[in-house]
Amino acid sequence: MKSIGLAIVLSMGLCVPGAFAHPDHTILELDDAVSEAKFYFIGLVENKTLSETWQNISPDMQRSEVQNIHGKRRWVFIYENPGESDPAKRTIKILMTPLGKFISFEYVSTSK
């Protein structure tokens, strides 16, 4: 009887292979990732997480790339704000999962 129950459970797992897939095996297309980054950037500005000077920065003005961070693929979007008076807060980096889920944002130190 136990072997029949085990067979049913195992066969159910075969019907849903995505449930066991590693989350970093797929990645959003660039256009979709850019749309998600814009959404998060606008949220940071509207929620006043970033200073008022960031309101003048277009959410379209970013650099993007996929990086391996601690062994995991991540979308990285970098925004620059030359109008920010604090040099330590002129550049931010938004990190997202390959599927576009927000992870964090951080200020990026730029030495010139």
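Here, every reference points to the structure presented above.
Presented here is a report on the structure given in the accompanying data block.

Procedures and definitions
Residues numbered from 1 in each chain as written. Predicted model: local features only at pLDDT ≥ 70, side-chain atom pairs only at ≥ 80, totals over all residues. Heavy atoms only, no water. Pairing = 2+ DSSP bridges. Helix = DSSP H or I, 4+ residues; strand = E, 2+ residues; numbered from the N terminus. Patch = residues over 30% accessible without salt bridge, like charges linked within 9 Å, V, L, I, M, F, W, Y side chains within 5 Å. Areas by Shrake-Rupley, 256 points an atom, 1.4 Å probe, with all protein chains shown as cover. Salt bridge = Lys/Arg side-chain N within 4 Å of Asp/Glu carboxyl O. Lys, Arg positive; Asp, Glu negative; His and termini not counted. Charge placed at Lys NZ, Arg CZ, Asp CG, Glu CD. Buried < 20%, exposed > 50% of the residue type's maximum accessible area, 1.4 Å probe, protein only. Contact = heavy atoms within 4.5 Å. Axes fitted to C-alpha atoms, helices over the stretch in contact; angles between N-to-C directions. Phe/Tyr/Trp six-rings, centres within 6.5 Å; stacked < 30°, edge-to-face > 60°.

Looking at chain direction, strand β1 (residues 62–69) and strand β2 (residues 72–80) are connected through 8 bridges and run antiparallel. Among the inter-strand pairings, Q67 is bridged to a residue of β2, identified as R74. Hairpin geometry of β1 and β2 is characterised by an intervening segment of 2 residues between the two adjacent antiparallel strands and by a positive phi of about 55 degrees at H70.

What follows is about a negative patch on the surface. A cluster of acidic residues, E29, D31, D32 and E36, forms a negative patch at the surface. Assignment of secondary structure puts E36 in helix α2 (residues 30–46). Residue E36 is classed as partly exposed on the basis of its relative accessible area, which comes to 30%.

Okay, unusual backbone geometry next. A positive phi is found at K48, a non-glycine position, where the angle reads about 60 degrees. Within the secondary structure, K48 sits in the loop between α2 and β1. One non-glycine residue with positive phi stands out, namely H70, at about 55 degrees. Looking at where H70 falls in the secondary structure, it is placed in the loop between β1 and β2.

Its location among the elements puts R63 in strand β1. With relative accessibility at 46%, the residue R63 sits in the partly exposed group. Here the alpha-carbon distance between R63 and V76, two residues 13 residues apart in the chain, equals 8.1 Å. In contact with R63, not counting residues within four places along its chain, are V76, F77, I78 and E80.

Turning our eyes to something else, we now look at the sheet that holds β2. Sheet architecture is open: 4 strands sit in the order β1-β2-β3-β4, paired in antiparallel fashion. One side of each edge strand has no neighbouring strand; the edge strands of this open sheet are β1 and β4 (102–107). The sheet shows a mean angle of 25 degrees between the axes of neighbouring strands, taken without regard to direction.

Now for the packing of aromatic side chains. Within the structure shown, the criterion is met by 6 aromatic pairs. Ring centres 5.5 Å apart and planes at 65 degrees place the aromatic pair F39 and Y40 in the edge-to-face group. Each member of the aromatic cluster is reached from another via a ring pair, and the members are F39, Y40 and F102.

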